[in-house]
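# Close look at the chain arrangement
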Amino acid sequence: MVFGENGNGKSSISDALICLCTDTIGSLTDKSSVDKKFLRALNSVAEDVSISLQTTIGTFTAQLNANGTTFTKAPAEGLPQVRQMRRKQVTKLLDAEPSERYAELQEYIDVSEILKCETALRTLEKELKASLKSQRAVAKEAEKVLLTIWEKEGKPGEGWGNWSEQEAARDINALTQKLGLLDDFLSYWRTTYNGIEFYRAAIKRERAAWRIFDTAQEALKKFVQDNPDSNVSLMQLLTEAQKYIKPVLDLTNCPVCGQDADREELVQRIDEQVENMKQLNQLNQALNNASNYHNGAKTSLKDAEKTCFELFNAFCVAQLETVKKYLPESEELFSGFIPLVDQSEQTEYLKKHLSEFEVTYTTLGVDQREIDAQVKQHNSISTQYNSLRQAINSVESITGKLDNAQKALALVETARKDFINDELRSISGTVEALYMKIHPSESIGSVEMSLNPNFKHSIDIHARFQDLEKITPQSLYSESHLDTLGLCIFLALAKKYHEPSTILILDDVMMSVDHGHLERVIEVLHEDLTEFAHIFITTHYRPWRELYRHGRAPSNRIQFVELMPWSFERGIRFQNGKVNLEELRDNLNSDYIDRQKLCSLSGVILESIFDFLAVKYQCKMARKPKNEYVLRELTDCLDAKLQRALTVHHVAVDATGKIIEDQVEKETLLQPIIQSLKEMAIIRNWVGAHFNLDGFNISDAEIIQFSQLTLELGELLTCPVEGGFPVKSSSGIYHATRSGRIRMLPYAQPQ
C-alpha cells in the first residue's frame, strides 16, 4: 500500500508500473487534451526518464525515447502482466452511457480483431449493396433503350428481348466494310472538291488582279498624255538620285556630270522636282503594285490549277474500284478522266462532267448515311444488349456474394455478441459473490451484465434493490454502493484474466465507503484475490490505512509506503510505514526511552483492542452521541464473567504451515493481563496524553511494564501469519483470525 495525500505522487508511481508493463501510459489516458511530454518530470529531458522493476525472475527496464511519448523496454518479452484499476475507470463504468461502457472493459474483453472482421464485412456489405443497385440501374436503362429502339422499328419479332438478341448477333461485317469505303470516298471527294473551289477562287483573284493592273496602266497613260512634260523615266531617275545623294553627307561633285556642286543645293533642287512630279510618281507606284499583285495572282492560279488536277486525278484513281462496286454506272465517268494529261483537256472534261461527279457524291452520300445509321443502331443494340446481359449476370453474382456476406456478418456479429455475453455471464457469479461479501443482508445485488443485442457495444447493467428486480443501479444505489459495484466488476474481470505473475494495481479506487464496508472490502482483497502475484494499492483514504495500522486488517501481508510532500530538489519522498504494534515494539527495543510516545502509543493500541472486544461481545456501555469512548470506559465495560472467560488459543500447524485441527499449541487467559492494564491505565493519561504533575512520579520501569503488557495483549490477539484480530465468527464456537492460527473464546458474552 502506497499511502499519501493528494499530489504526493501516488499515481506517478502506479503509472510508472503501467508504462513499463503495458503499452498504455496509465492515468493520463483518462484525461483529454493530454500533452505526453509531461510523462517526464519537470526540469528534465526525455533521456532522464528510466523505469526499473526488480523481480525474482530478473530486472525489467524501460527508457523514454527522445520523442518523449514511447518507451524502449529491455527485455521486451516476459514482462509481468499488469491489471490496472483507477477510480475514474470504476466511476465511468457505472456513470457512462451503455454504449460507452465497453471501452472501460476492453482491456479484459478484447474483441478488436473480430471487430475488424465485422467492420470489413459491413464495408463489403455496403459496397455490394451499392454495386447491386448500380447494376440493376444499368440493366433497367439498357432495357429502356432496347425497348425504345424496338418500338421505333415497329415492334418486329416475338418481343424486344428476342429481337435484341438476334440483332446483337447479326453479322454486319459487309455493311461495316462498305461504310468504310464510302466514308473514304466522301472524305476524298471533299478534299478534291476543296481543291476545285481553291482553283476557282484563284481564277477570280487573277482576273481581279488583271483588272486592277489594267486600270493603273490606263491611268498612267492618260496622265502622261495630259502632261507632256512629265517623263516617267526622268521621274524614276530623280527618285533614284534622291535615294543615292541624301545619305552621302560629304558630297562635293554631281554624281551625273562630275561638275562641282553644293550638296544642300543639289538635294533641294532634286526634292523640288520630285515634289512637282508627285502625282506621276504615285501613278507609277500604283502601276508597280498592281503589276506585282497580278504576277502573284498568276503564280497562285498556276499552283492552284496544278493542285486541283492532281487531286482530281488521284481521287479518280483511288475511288474507281469503289465506284465500280457500288455505282457501276459512274465507272466510265471516273475512268475517262484518268488518262488525260493535257491540262486543257482536263479543264474541259471537268467543265463538262463536274455535275455528274457531284451527283455521284450525292448518291453515294445517301447510301453512306443509311448504312451509317444501320451500323450505329446495330452497335447501340449490341452495346445495350451486352450491357444488359452483363448487368443481369452481375446482379446474380452480387446477390450471391451479398447473401454470403450478410450470413457471414450475422455469424460474426452473433459470435461476438455471444462471446461478450458469455464473458459477462461468466463473471456474474464472481461479481455477485464479491458484492454480497461487501454488502451482506442489504437487499441489493443480483447483478447482471449483458450486451444489448440491438446495439454494437451497448452494455446494460441491472441489479436488485429491495423487492425490485432488474433495475439500473444508478437509479437507486448510493455512491458508495456504486463504487463497490464497479470495483467488484473490475476485480472479477481481473480474476478471470489473470496470470500467475499478474500485478493488480488499485489506484485510489476507494473514497466513499464507511468503516464497516471498508473492512469487508479489505477482507475481499485478502481472501478472494489470492491468485495475484501482487496487489499494488495507492490511496489517500486514511481510514483504509488506519485499519491496518490499528490491527483491524491483516497487516502482516502488506507492505506500507507513506509518501511525503515532494520537491524539485528531492523528488518523490517516502518512508516505510509501520503498524502500531510494530512501532511500539521498535520503541521498546530502542536505547532511548521516549516516555510520552510509549504511553501514548500504548493507549491508542489498548483503545483499539478494547473497542474491538466491546463490539465483538456487545458489552454494555453508556450511550454517547458519537460513540466516542476513552480507555477507562472501554476497559470497564468488560464484566468479570467475560474477563474470566476470555482465552486465546494459538493453534498448532504442521511443517507445511497447515493448521492441525483440535491441537492447541498455546492457551492464554487474558484476565491477568487485562487486570494489570486496568490498574496501570492512568499512566496513559498522566504521561502520554496530558501535562500532569503526578506523571512526574511515574518511573521508566512502570512505563516499560505498561507498554510491554500492551504489546503482549496485542500480540496475543494479532494473527502471526497475516496480522489482524480474530474477526471471523463462522464457527459458532470461537472467533478466529483469517488464517485460523488464533482463536478467541468465548463465542458470546457469558450469562
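Note: the structure precedes this text.
What you see is a predicted model; the values in this text were computed from it and never measured.

This part covers the pattern of salt bridges. Counted according to the given criterion, the structure contains 38 salt bridges. Arg 542 is paired through a salt bridge with Glu 5; the nearest N and O atoms lie 2.8 Å apart. Taken together, the residues Arg 542 in helix H15 (residues 542-549) and Glu 5 in the loop between strand S1 (2-3) and helix H1 (10-21) connect sequence positions 537 residues apart. For Arg 542, a relative accessible area of 39% gives the class partly exposed. Taking the relative accessible area as the measure of exposure, Glu 5 reaches 40% and is therefore partly exposed. Taking the shortest distance from any N to any O, the salt bridge between Arg 743 and Glu 661 comes out at 2.8 Å. Pair noted here: Arg 743 is in strand S16 (residues 742-745) and Glu 661 is in strand S14 (residues 659-669), with a separation of 82 residues, a long-range link.

A separate point is the nonpolar core. If you look at the biggest cluster of nonpolar residues, it comprises 59 residues, and the most contacted ones within it are Met 85, Leu 105, Ile 489, Leu 491 and Trp 544. With 10 residues, helix H13 (residues 479-496) is the single largest residue contributor to this core. In contact with Trp 544, other than residues within four places in its own chain, are Met 1, Val 509, Met 510, Leu 518, Ile 522, Leu 525, Ile 537 and Thr 539. Judged by nonpolar contacts, the second largest core, of 41 residues, contains Ile 609, Cys 619, Leu 670 and Phe 706.

Among the residues making up helix H16 (residues 580-588), those that are buried are Asn 580, Leu 581, Glu 583, Leu 584 and Asn 587. For H16, the buried positions fall inside an angular range of 165° around the axis, keeping them on one side. Along its buried surface, H16 packs onto H15, helix H17 (595-616) and helix H22 (700-717).

Attention now goes to the sheet that holds strand S6 (residues 444-451). One open sheet holds the 3 strands; their spatial order is S6-S7-S8, and the pairing between them is antiparallel. This sheet does not close on itself; its edge strands, each paired only once, are S6 and strand S8 (468-471). Taking the axes of each pair of neighbouring strands and ignoring which way they run, one obtains an average angle of 15° across the sheet. Helix H3 (residues 98-105) contacts S6 and strand S7 (459-465) of the sheet and is inclined by roughly 100° relative to S7.

Another point: the packing of aromatic side chains. Counted by the stated rule, this structure contains 21 aromatic pairs. Relative to Phe 315, the ring of Phe 312 lies with its centre 6.0 Å away and its plane at 70°, an arrangement referred to as edge-to-face. Of this pair, Phe 312 and Phe 315 both sit in helix H9 (residues 278-326), separated by 3 residues, roughly a single helical turn. By relative accessible area, which is 0% here, Phe 315 ends up buried. Summarising the aromatic geometry, the rings of Tyr 435 and Tyr 477 are spaced 6.4 Å apart at their centres and angled 10° between planes, so their arrangement reads as stacked. Of this pair, Tyr 435 sits in helix H11 (residues 343-438) while Tyr 477 sits in the loop between helix H12 (473-476) and H13, and the two are 42 residues apart along the sequence.

Before going further, it helps to examine the sheet that holds strand S2 (residues 50-55). The antiparallel open sheet is built from 3 strands, whose spatial order is S2-S3-S4. Since the sheet does not close on itself, it has two edges, and those belong to S2 and strand S4 (71-74), each with one partner. Within the sheet, the average angular offset between the axes of one strand and its neighbour, ignoring direction, is 15°. The sheet strands contacting H1 are S2, strand S3 (58-64) and S4, and the helix crosses S2 at an angle near 85°.

Residue placement: Glu 206 occurs in helix H6 (residues 173-226). Along the chain, Glu 206 and Lys 298 lie 92 residues apart, while their C-alpha atoms are 5.7 Å from each other. The contact partners of Glu 206, leaving out residues within four places of it in the chain, are His 294, Ala 297, Lys 298 and Leu 301.

Within the secondary structure, His 353 is located in helix H11. At 2.9 Å, the side chain of His 353 forms a polar contact with the side chain of Glu 356.

What counts as what
- Residues numbered from 1 in each chain as written.
- Predicted model: local features only at pLDDT ≥ 70, side-chain atom pairs only at ≥ 80, totals over all residues.
- Heavy atoms only, no water.
- Salt bridge = Lys/Arg side-chain N within 4 Å of Asp/Glu carboxyl O.
- Helix = DSSP H or I, 4+ residues; strand = E, 2+ residues; numbered from the N terminus.
- Buried < 20%, exposed > 50% of the residue type's maximum accessible area, 1.4 Å probe, protein only.
- Core = buried A, V, L, I, M, F, W, Y, C linked by side-chain atoms within 4.5 Å.
- Contact = heavy atoms within 4.5 Å.
- Arc of directions from axis to C-beta.
- Pairing = 2+ DSSP bridges.
- Axes fitted to C-alpha atoms, helices over the stretch in contact; angles between N-to-C directions.
- Phe/Tyr/Trp six-rings, centres within 6.5 Å; stacked < 30°, edge-to-face > 60°.
- Polar contact = N/O pair within 3.5 Å; in protein donor to acceptor, adjacent residues only side chain to side chain.

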